[in-house]
Amino acid sequence: MSKPKILIIGGGYGGMMSAVRLEKELGLNNADVTLVNKHNYHYQTTWLHENAAGTLHHDKTRIMIDDIIDTNKINFVQDTVVEIKKDEKRVILANGELTYDYLIIALGSDPETFGIQGLKENAFSIRSINSVREIREHIEYNFARYNNEGQKQELINIVVGGAGFTGIEFVGELADRVPELCKEYDIPREKVRIVNIEAAPNVLPGFDEELVEYAINNLERRGVEFLVNTPIKECNEDGVLLASGEEIKAATVVWTGGVRGNHLVEEAGFETMRGRVKVEKDLRMPGYDYIFVAGDCALIINEEINRPYPPTAQIAIQQAYTIGRNLKTLINGGGQMEEFKPDIKGTVASLGKGEAIGVVGNKKLFGSTASAMKKVIDNRYLFLLGGVPMVIKKGKLKLF
């Protein structure tokens, strides 16, 4: 009897950790496991805002896949997924195709533009190593142009659309980086504008009010402007047009206002909500008991408030553990499948170097304490990924 073939598409938190767990859960003789990813590296999405601002080099954020998995046990294919043939148990790649008995869809997200005109064409987004490298270089290039091209104000105006976690973390890093750029390019700090625009009535919607107030006060003190309850109507080459009719000219517009599941899931014919699949309790695709979904593509309802859980790294990592155990159950002949229940241990948002806010358990954390906890959380993931050696190699070891 041939070994079952397990195919993982996507090397983000859900996909990478699924590969790590399957390497541990299954023996070589139990299944053939293949991981497909566009790049030969995995990256910490939760650090990309630092790379985009230029406060952390992108090489610190990416981890080579063969440093994580044993490629003698897990087959790694570097290629781009083009199409999922769900009924034929095939996945079409840019350079071939693969068949499977079991599929794990962990393809990550696409930016959600909410129909804002020109956003896709004219705004940057924080979503990959290449995208954040482009943002950093673009900002630096425009600062370099400022004194050579008539000190045009729009060159040093930075608009960040969306004041959720990514937006707030990004402007926090910009607040640290801009003074360095000003010193380097001989620009008075007070000339530079960092404008964070949010359509909702509040920054960090749904987060604890006391923590939000701390974040706003901290960031405003460091030169960040907030425009809340202010939808963006249009993004163009010159900046953004607000619903109020006001125009803000800016050479740099970065959109952090939301994500949706990867377009390939919807295009495959699965029933989705903003590109995300409402999965069964065991994380399988409804109607397809040989397909599991993890990360940004999986929709999990928090029944206490009847709203979806946000697609966080924390949840994607936990999903991978459940998927690993459930696949082991299936391959070993069946039995009781494990239900996935998110265990939200806490939420921490960084505000720049040494500053953060968060909730861990029932405790609110501010400032350096929250910042240290953020590093602990990041290091814990690296430990789960590759043990102590990975923490030493890629971790943020200085907590304070």
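The structure presented is a predicted model; accordingly, all values stated were derived computationally and were not measured.

Caption draft 1: Spotlight on unusual backbone geometry. The backbone phi angle of Phe114 is positive, close to 55 degrees, even though this residue is not glycine. Along the chain, Phe114 falls in the loop between strand 10 (109-111) and helix 4 (119-122). Within the chain, Leu283 stands out as a residue other than glycine whose phi angle is a positive 75 degrees. In this fold, Leu283 is placed in the loop between strand 20 (277-278) and strand 21 (284-285).

Caption draft 2: Layout of the packing of aromatic side chains. Here the structure, examined in full by the defined rule, presents seven aromatic pairs. Taken together, a centroid distance of 6.3 Å and an interplanar angle of 40 degrees make the contact between Tyr100 and Tyr290 tilted. Within this pair, whereas Tyr100 is found in the loop between strand 8 (96-99) and strand 9 (102-105), its partner Tyr290 is found in strand 22 (residues 288-293), the two being separated by 190 residues in sequence. With respect to class, Tyr100 is no different from Tyr290; both count as buried. On the basis of an interplanar angle of 90 degrees and a centroid distance of 6.0 Å, the ring pair of Tyr288 and Tyr290 is categorised as edge-to-face. Tyr288 gets classed as buried once you look at its relative accessible area, which sits at 17%. A connected cluster of aromatic rings, assembled from ring pairs, spans Tyr100, Phe270, Tyr288 and Tyr290. Above the ring of Tyr41, the side-chain terminus of Arg62 is found at 5.0 Å from the ring centroid. Here the guanidinium or amino end of Lys396 rests over the ring plane of Trp47, the centre of that ring lying 4.4 Å away.

Caption draft 3: The arrangement of the nonpolar core in detail. By size, the foremost hydrophobic cluster in this structure holds 68 residues, and its most contacted members are Ile6, Ile9, Ile105 and Phe270. With nine residues, the single largest contributor to this core is helix 9 (residues 313-331). Counting 41 residues, the second-largest nonpolar core is a separate cluster that includes Leu48, Ile129, Val203 and Val254.

Caption draft 4: Layout of the sheet that holds strand 13 (residues 193-197). Spatial strand order, 11-18-12-13-14: five strands in an open sheet with parallel pairing. This sheet does not close on itself; its edge strands, each paired only once, are strand 11 (124-125) and strand 14 (224-227).

Caption draft 5: Highlighting empty space enclosed by the protein. Summed over the entire model, instances satisfying the criterion amount to one cavity of 30 Å³ or more. A volume near 50 Å³ is recorded for the largest cavity. In terms of lining residues, the largest cavity is bounded by Arg276, Gly295, Ala298, Ile300, Tyr309, Pro310, Pro311, Thr312, Ile315, Ala316 and Gln319. Considering every element that reaches the lining of the largest cavity, the biggest residue donor is helix 9, with three residues. Taken together, the residues of the lining of the largest cavity break down into seven nonpolar, three polar and one charged.

Caption draft 6: The arrangement of the pattern of salt bridges in detail. On inspection of all chains with the given rule, the structure shows 29 salt bridges. In this structure, Arg62 and Asp59 form a salt bridge, with 2.8 Å as the shortest nitrogen-oxygen distance. Take Asp59: its relative accessible area is 36%, and that puts it in the partly exposed class. Here the salt bridges do not stand alone but share partners, grouping Arg136, Glu137, Glu140, Arg177 and Glu180 into one network.

Caption draft 7: Summary view of the packing of helix 1 (residues 13-25) against helix 10 (residues 367-394). It is the contact of helix 1 with helix 10, at a shortest axis distance of 10 Å, that shows an interaxial angle of 40 degrees. Taken together, the axis directions place helix 1 and helix 10 in an arrangement best described as oblique. In this structure, helix 1 contributes Tyr13, Met16, Met17 and Val20 to the contact, and helix 10 contributes Tyr381, Leu384 and Leu385. Looking at side-chain class alone, the contact of helix 1 with helix 10 contains seven nonpolar, no polar and no charged residues.

Caption draft 8: Structural detail: a nonpolar patch on the surface. A cluster of nonpolar side chains, namely Phe383, Val388 and Ile392, defines an oily patch on the protein surface of about 310 Å² accessible area. Looking at the element boundaries, Val388 is found in helix 10. Given the relative accessible area of 48%, Val388 is considered partly exposed.

The rules we used
Residues numbered from 1 in each chain as written. Predicted model: local features only at pLDDT ≥ 70, side-chain atom pairs only at ≥ 80, totals over all residues. Heavy atoms only, no water. Helix = DSSP H or I, 4+ residues; strand = E, 2+ residues; numbered from the N terminus. Phe/Tyr/Trp six-rings, centres within 6.5 Å; stacked < 30°, edge-to-face > 60°. Buried < 20%, exposed > 50% of the residue type's maximum accessible area, 1.4 Å probe, protein only. Lys NZ or Arg CZ within 6 Å of the ring centre and 35° of its normal. Core = buried A, V, L, I, M, F, W, Y, C linked by side-chain atoms within 4.5 Å. Pairing = 2+ DSSP bridges. 1 Å grid on protein atoms, 1.4 Å probe; cavity = no way out; pocket = protein on both sides within 12 Å on 5 of 7 lines; lining within 4 Å. Points joined across faces, edges and corners; volume = space filled by probe spheres on them. Nonpolar A, V, L, I, M, F, W, Y, C, P; charged D, E, K, R; others polar. Salt bridge = Lys/Arg side-chain N within 4 Å of Asp/Glu carboxyl O. Axes fitted to C-alpha atoms, helices over the stretch in contact; angles between N-to-C directions. Parallel < 35°, antiparallel > 145°, perpendicular 65-115°, else oblique. Contact = heavy atoms within 4.5 Å. Patch = residues over 30% accessible without salt bridge, like charges linked within 9 Å, V, L, I, M, F, W, Y side chains within 5 Å. Areas by Shrake-Rupley, 256 points an atom, 1.4 Å probe, with all protein chains shown as cover.

Any link to function would need more than the numbers given here.
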